[in-house]
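Summary of structural features
Here is what each chain is made of, one letter per residue.
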Amino acid sequence: MKAIVAVDEKWGIGKNGKLLFSVPKDMAFFREKTSGSAVVMGRKTLESFPNGKPLKNRLNIVLTSDKTPREGCVVANDLQELFCALKNVNGEIFVIGGAAVYEELLPYCEEVFVTKIEADGNADTFFVNLDENKDFFLSEAGDRQESNGYYFRFTTYRNKNVRKFY
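Within each chain, residues carry numbers counting from 1 in the order of the written sequence. For this predicted model, a pLDDT threshold of at least 70 governs which residues receive local features, and a threshold of 80 or more governs which side-chain atom pairs are given and counted, while totals over whole chains, interfaces and linings are taken from all residues. Heavy atoms from the whole structure form the basis of all side-chain values; hydrogens and water molecules are not counted.

**Here we look at the overall build of the protein**
A count of helical and extended segments in the protein gives four helices and twelve strands. Taking 166 residues into account, the globule formula puts the C-alpha radius of gyration at 15 Å, and the protein, at 15 Å, falls close to it. By principal-axis analysis of the C-alpha atoms, the protein measures approximately 40 × 35 × 30 Å. We call two residues in contact when some of their heavy atoms are within 4.5 Å. Long-range contacts, defined as pairs at least 24 residues apart, comprise 64% of the intrachain contacts of the protein with a sequence gap of at least 6. Carbon and sulfur atoms provide 46% of the accessible area of the protein, an area that totals close to 9100 Å². Computed over 23 positive and 23 negative side-chain charges, the separation of the two mean positions in the protein equals 3 Å. Where helices and strands are cited, they refer to DSSP runs of H or I of at least four residues and of E of at least two residues respectively, numbered from the N terminus. Each radius of gyration reported is based on C-alpha atoms, and the globular scaling rule is 2.2 Å times the count of residues to the power 0.38. To be clear on the numbers: accessible area is Shrake-Rupley with a 1.4 Å probe, and residue cover counts the displayed protein chains and nothing else. For this count, His and the chain ends are skipped, Lys and Arg are scored as positive, and Asp and Glu as negative. To locate a charge, take atom NZ for lysine, CZ for arginine, CG for aspartate or CD for glutamate.

Here is the structure:
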C-alpha cells in the first residue's frame, strides 16, 4: 500500500474541508500515479469530489463508520472489512485522505508520495510530519518546480517498519 498527499510547509493538507492550493502539475501527478489503481479514502474526502462522485478509472474504497451505500464505491466500515476488500485488489493501492484515514493506514504504507508546496496554507488539517517520524525516511526529492504560482517538489518517503495487512 502507498499514500499520496500534497502538503504545505507545515505539513497541512486542508482547510474547511478543501485542499489548500490549486497546483495543476500536482493534480496531473496524482492522476498519473493513481489511475487504474485502488484508492482508499474517508467519507468526507469522497464528498469533497465534484458532485461527491468517485474518481474515474479507479476502484474507490471508502473507509467510514457510515453504513450508507455509496454509488460506484466499495464501503468498508472498519479496518477488518477494508483489509478483506484489499486482499482482492490486483494492482496498486493508494491512500488518498483525509487526515484520519492517512493516520490510521500510514503504518501499512511502504511508500508515501508527498508533494511539498513551499507556502503556508493556514491549514486546519494536517498530515503526519514524516521528517520527524522515525519509521520513515526521505528516499527521493525531485527538482523544484512551479505551477500556478506555487513552488513545490515531488518527494518520496519509505517506511522502514511497514506493517502487513494480509
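**Details of the pattern of salt bridges**
Any Lys or Arg side-chain nitrogen found within 4 Å of a carboxyl oxygen on Asp or Glu counts as a salt bridge. Within this structure, the stated rule accounts for eleven salt bridges. Measuring nitrogen to oxygen at the nearest pair gives 3.3 Å for the salt bridge that ties Glu47 to Arg70. Of this pair, Glu47 sits in helix H2 (residues 43–48) while Arg70 sits in the loop between strand S5 (59–63) and strand S6 (73–76), placing them 23 residues apart in sequence. Only protein chains enter the accessibility calculation, which uses a 1.4 Å probe; a residue whose area is less than 20% of its type maximum is buried, one above 50% is exposed, and one in between is partly exposed. Of the residues examined, Glu47 reaches a relative accessible area of 41% and is grouped as partly exposed. Ionic pairing is found between Asp66 and Arg70, a salt bridge with its closest N-O pair at 2.9 Å. What makes Asp66 partly exposed here is its relative accessible area of 24%. We classify Arg70 as buried; its relative accessible area is 18%.

**Some words on the side chain of Thr45**
Within the secondary structure, Thr45 sits in helix H2. Of the residues examined, Thr45 reaches a relative accessible area of 14% and is grouped as buried. Each residue touching Thr45, except ones within four places of it in the same chain, is listed here: Ile96, Gly97 and Gly98.

**Description of unusual backbone geometry**
The linkage connecting Gly97 with the following residue, Gly98, adopts the cis geometry, with an omega of -5 degrees. Within the secondary structure layout, Gly98 lies in the loop between strand S7 (93–97) and helix H4 (99–105). In this structure, Asn51 takes a positive phi of about 60 degrees despite not being glycine. Relative to the helices and strands, Asn51 is located in the loop between H2 and S5. Asn51 sits in the exposed class, given a relative accessible area of 75%. Unlike most non-glycine residues, Asn57 shows phi in positive territory, near 60 degrees. With respect to the helices, strands and loops of the structure, Asn57 is situated in the loop between H2 and S5.

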